[in-house]
Every structure is written in structure tokens, then in C-alpha cells.
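Spelled out from the first residue to the last, the chains are:
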Amino acid sequence: KQRSVQCVVVLNVCGPIEVYDWIDEVDAVLLIWLGGMELGHAAAALLAGDENPSGKLPTTFPVRDQDTPSFLNFPGEFGEVRYGEGIYVGYRYYDIRGLAPQFPFGYGLSYTEFALSNLRTSADTLDLDADETLTVSVDVTNVGERAGQEVVQLYIADPESTPHKPLKELKAFSKVCVAPRETETVALTIDRRSLQHYDPVLKAWCVEPGVFRVLAGTSSADIRLSVEFQASGFNPYGYGPGTPIFRIVGDPRAVAVLLKHLPAEVASPEALQMEITYGPHRPLDA
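Since the structure is predicted, the reported quantities are computational estimates derived from the model, not experimental observations. (Residues numbered from 1 in each chain as written. Predicted model: local features only at pLDDT ≥ 70, side-chain atom pairs only at ≥ 80, totals over all residues. Heavy atoms only, no water.)

Trainee: How would you sum up the pattern of salt bridges? Please name residues and give values.
Mentor: When the charged atoms of two side chains with opposite charge come close together, those side chains can pair. Evaluated as defined, the whole model comprises 10 salt bridges. Taking the shortest distance from any N to any O, the salt bridge between Glu228 and Arg213 comes out at 2.9 Å. Of this pair, Glu228 sits in strand E12 (residues 222-232) while Arg213 sits in strand E11 (residues 210-219), and the two are 15 residues apart along the sequence. Judged by relative accessible area, Glu228 falls into the partly exposed class, the value being 41%. The exposure class of Arg213 is partly exposed, given its relative accessible area of 29%. (Salt bridge = Lys/Arg side-chain N within 4 Å of Asp/Glu carboxyl O. Helix = DSSP H or I, 4+ residues; strand = E, 2+ residues; numbered from the N terminus. Buried < 20%, exposed > 50% of the residue type's maximum accessible area, 1.4 Å probe, protein only.)

Trainee: Summarise the pairing of strand E6 (residues 148-157); cite the residues concerned and give the values.
Mentor: One face of the sheet, then the other: side chains in a regular strand alternate in exactly this way. In terms of residue burial, E6 counts as a mostly covered element, since nine of its 10 residues are buried. Inspection of the sheet shows E6 paired to strand E7 (residues 169-178) by nine bridges, in the antiparallel sense. Bridging across to E7, Gln153 finds its partner in Phe173. Here E6 runs beside E11; their pairing, made up of five bridges, is antiparallel. Of the residues in E11, the one forming a bridge with Gln153 is Gly217. (Pairing = 2+ DSSP bridges.)

Trainee: Account for the sheet that holds E11, naming residues and giving values.
Mentor: Read from one edge of the open sheet, five strands run E4-E12-E11-E6-E7, paired in mixed fashion. The sheet is open, and its two borders are formed by strand E4 (125-127) and E7, each paired with just one other strand. Averaged over all pairs of adjacent strands, the angle between their axes in this sheet comes to 30°, without regard to strand direction. Of the pairings in the sheet, the one linking E4 to E12 comprises three bridges and is parallel in character. Pairing of Asp127 across the sheet is with Ser232, part of E12. (Axes fitted to C-alpha atoms, helices over the stretch in contact; angles between N-to-C directions.)

Put into C-alpha cells, the structure is as follows:
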């Protein structure tokens with residue numbers, strides 16, 4: 001009986017590498033990292049199927065080096081490196097660019113398969129001022145024929161944010177072992193810190209109240225479920241003397257207040273358009 005020959009590449013590397021020029025010519029890739037003296041035994045056990053792989057990528061594998069967020073800045077010149085990517089590193093960068101990586105953050109296959117279902121929160125609201133917490137639960141079902149482990153990844157999206165933010169951010173994760181055809185429930189916690197971002201102007205960790213979206217998946221590119229909740233509390237970006245003009249003009253309710261209380265020559269549509277054109281970030285009291 002003729003047997004098919006399979007080609008499996010074992011990557012003994014310490015970080016992402018380019019694989020695009022040969023990845024379609026092989027049957028599988030096993031990323032073993034730097035396994036030390038027991039690397040051979042571990043790789044053999046995984047390749048033979050004695051052990052079920054359950055690792056997930058803690059980084060993103062780009063298709064090409066040119067796709068990385070630091071490509072234009074690293075290694076720099078004249079002894080200086082400019083960290084121009086800011087907060088858009090890793091999956092945050094690939095998300096905002098709409099750029100598909102070779103292997104996304106959090107990715108990893110198994111010899112079985114898992115289904116996520118019944119994503120729910122312990123409440124629909126979160127009081128930021130009271131330091132409340134939310135419990136997020138999701139059911140993980142092993143739909144394959146052998147036991148295995150899955151890493152449930154919980155991301156948070158802030159659809160309407162005053163400061164620019166990533167499309168989603170990892171906030172919690174948990175690895176769970178599930179027997180074949182069985183279901184386990186994973187419970188993760190969200191609190192005020194999960195929603196915070198650092199504001200360099202206010203020089204503080206801030207949370208802007210509003211609707212947040214909880215995303216559950218098995219990698220940054222494989223989001224299976226979502227649910228929303230409302231966060232309430234003090235708003236560090238509430239209107240005041242220091243509010244930028246562009247925010248005021250972009251809100252019809254705020255413009256109506258200006259028209260009611262300021263002279264027409266100051267708050268007319270023409271005057272406001274001039275402000276947007278020449279000083280959109282100027283504070284209201286400047």
C-alpha cells in the first residue's frame with residue numbers, strides 16, 4: 001500500500017521569521033521555540049501525536065518584514081531609533097491597517113477543534129466610580145475526538161472614543177482543558193483597569209464612559225462572539241473650558257448651546273467653520 005509523504009517544518013527560532021516563500025509547499029509547521037535539551041523529545045511527542053499541541057502565539061508573524069509596524073523606524077540612524085509606531089504595535093497595528101499577517105497574535109492549532117458559545121456578562125452596566133467588576137463567561141466545547149486545551153482570549157473594543165484607540169485590545173485570557181464532546185465554562189473578569197488608557201495631556205489613566213464591546217475568540221483574527229455593556233461614571237472628556245473646538249463643533253447639541261449663549265458673530269456657522277479650519281485643537285477658552 002502506497003503511503004503519502006508529508007513534509008513538516010520544525011521552527012527552532014526565538015521570534016517571528018518570514019515563511020511566505022515556502023509555507024505553501026509544506027504540510028505543517030511546528031513552532032518549538034527554544035526548547036532546550038528536551039526539544040527533541042517534545043517535538044517527537046507532538047509530531048507522533050502522543051501529545052496534543054495547545055500553544056498560542058504571543059506575537060504576530062508578518063508575511064514580510066516590510067509589513068511590520070517598526071519597519072520604517074528600526075534600526076534608525078546616527079545612533080537613534082524613533083519609536084514612531086506609538087501604541088500601534090503587534091495585532092493593534094495589523095488591525096488598524098487592515099493588513100493580514102501570516103499568523104495572527106494568539107494563533108495556534110490543535111489535534112482537536114473547539115467551539116465557543118453563550119458569551120454573557122454578569123451585568124449590563126459597570127459603575128466606574130464604584131469600582132465594580134463584571135464577570136464574562138463563555139462556554140468552550142470540544143467538538144473533536146481527543147482531549148485538548150484551548151485558550152479563550154477576551155478583547156475589549158471602544159467603538160466611540162474621544163482619544164484615538166486600537167480597534168480592540170486583549171484584556172484577559174484563560175487556558176481550559178476539555179474532554180471530547182464535553183463543555184467547560186470559562187469565567188474572566190473585567191474592571192475599571194481593563195478599560196483604562198493613559199492620556200499624556202491629562203497625565204492620568206482615564207476611562208471614558210460609554211458602550212464597550214466584549215469580543216471572545218481564539219486569536220486576534222478569530223473573534224467568535226461579542227456582547228456589549230454600558231460603563232458609567234466620571235467623564236474626563238466632558239465639555240468644559242479646555243474642550244477642543246473640533247469636538248464642540250462636531251456635536252449639534254453643543255453648537256446649539258453656543259448659539260444660545262454667545263453673540264452671533266462668535267458662534268455663527270461661518271465663525272465656527274473658521275475655527276475648525278485654522279484651530280481645530282484650540283481649547284474653547286483660548
